[in-house]
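Now for the letters of each chain:
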Amino acid sequence: MATPEFILELRKKIGHDPLWLIGVSAYVEDADGRVLLGRRSDTGEWAMVYGINEPGEEPAVTVVREVKEETGVDCVPTDLVSVKSSTRMLTYGNGDQAMYMDHLFVCRLAEGGNADPFVGDDESLNVGWFDVDDLPSPLAATTVERMGYVRQWKAAGNGKALFSLE
């Protein structure tokens, strides 16, 4: 996984101590209602595109950048589905610890942009469009969870983002 430069610089100072990071997830749909997924090189699981905000970067800009970098697809965020804080500390293979606040966006294809996915960096082994009723496996638990948020958000039909008050 490509670690952003600002995190590498912080890690020089704080070592493996926990970091609180802002993340984004992209639920990208095509005109047929298929969802864009990538098979992650670190876990082998299929997942939505995830990414970390650079300092000062707008979350919607991060979504567009991450989708383009990882899949080559040009997208436009249309809705914010949820803002959720992780409840567990992640410990990566090198010992780094992090927790995330995730902003989940629904995105559509950018008019006139690329819609043919390809592996754009070393974070993915494969990428493609999948029918939501016929998803590949193994599917990352975080993607299963976030797809549930999208279903819940769509069922509510009011366009308001989901928040937890727990």
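Per chain, residue numbering runs from 1 following the sequence as it is written. It should be noted that, the model being predicted, local features are given only for residues of pLDDT at least 70 and side-chain atom pairs only at 80 or more, the latter also being counted only at that level, while totals for whole chains, interfaces and linings use all residues. To get the side-chain values, all heavy atoms of the structure are used, and hydrogens and water are removed first.

Our working rule: UniProt positions are given in the numbering used here, feature names are shortened, and annotations may be inferred rather than shown by experiment.
Identification of the protein as ADP-ribose pyrophosphatase from Bifidobacterium vansinderenii is taken from an unreviewed UniProt entry. According to its UniProt record, the protein has this under Cofactor (unreviewed entry): "Mg(2+)".

**Topic: helix H2 (residues 59–71)**
Note the threshold: Helix and strand labels come from DSSP, where a helix needs a run of H or I of at least four residues and a strand needs a run of E of at least two; each type is numbered from the N terminus. One fewer than the residue count of a helix, multiplied by 1.5 Å, yields its expected span. Each residue's exposure class comes from its accessible area (1.4 Å probe, protein chains only) as a fraction of the maximum for that residue type: buried when under 20%, exposed when over 50%, partly exposed otherwise. Directions pointing from the helix axis toward each C-beta atom define the arc. Contacts: residue pairs with any heavy atoms within 4.5 Å of one another.
A rise of 1.5 Å per residue sets the reference length of H2, with its 13 residues, at 18 Å; its end C-alpha atoms lie 18 Å apart and thus fit the reference within 8%. Among all positions of H2, only Pro 59, Thr 62, Val 63, Glu 66, Val 67, Glu 70 and Thr 71 are buried. Within H2, the buried residues cover an arc of 125 degrees as seen down the axis, which keeps them to one side. Turning to H2, the residues buried within the fold contact strand E1 (19–29), strand E2 (35–40), strand E4 (49–52), strand E5 (75–85), strand E7 (97–109) and strand E8 (124–130). Just past H2, the residue Gly 72 takes up positive phi, approximately 80 degrees.

**Considerations on the layout of surface pockets**
Where we set the bar: A cavity here means a set of points on a 1 Å grid, drawn over the protein atoms and nothing else, where a 1.4 Å probe fits but cannot get out; a pocket is an open set with protein on both sides within 12 Å along at least five of seven lines, and a residue lines either one if it has an atom within 4 Å of a point. Grid points are joined across faces, edges and corners, and a volume is the space filled by probe spheres set on the points. Residues were grouped as follows: Ala, Val, Leu, Ile, Met, Phe, Trp, Tyr, Cys and Pro as nonpolar; Asp, Glu, Lys and Arg as charged; and all remaining residues, including Gly, as polar.
Taken as a whole, the largest pocket encloses approximately 1400 Å³ of empty space. If you go around the largest pocket, you meet 46 residues; those closest to its centre are Tyr 50, Leu 90, Tyr 92, Tyr 100 and Arg 146. Mapped by element, the contributors of at least two residues to the lining of the largest pocket are helix H1 (5–14), E1, E4, H2, E5, strand E6 (90–91), E7 and helix H3 (141–156). In terms of residue count, H3 provides more of the lining of the largest pocket than any other element does, five residues in total. For the second largest pocket, the calculated volume is near 160 Å³. Taken together, Tyr 27, Val 132, Leu 135, Leu 139, Val 144, Met 147, Val 150, Arg 151 and Lys 154 make up the lining of the second largest pocket. With five residues, the single largest contributor to the lining of the second largest pocket is H3. Of the residues assigned to the lining of the second largest pocket, the class counts are seven nonpolar, no polar and two charged.

**Quick look at the pattern of salt bridges**
This is how it is decided: Any carboxyl oxygen of Asp or Glu that lies within 4 Å of a side-chain nitrogen of Lys or Arg is treated as forming a salt bridge with it.
Counted by the stated rule, this structure contains ten salt bridges. A salt bridge links Asp 30 to Arg 34; its shortest N-O distance comes to 2.6 Å. Its relative accessible area of 31% is what places Arg 34 among the partly exposed residues. A salt bridge links Arg 40 to Asp 42; the nearest nitrogen and oxygen atoms lie 3.0 Å apart. On the basis of relative accessible area, Arg 40 is assigned to the buried category, the value being 18%.

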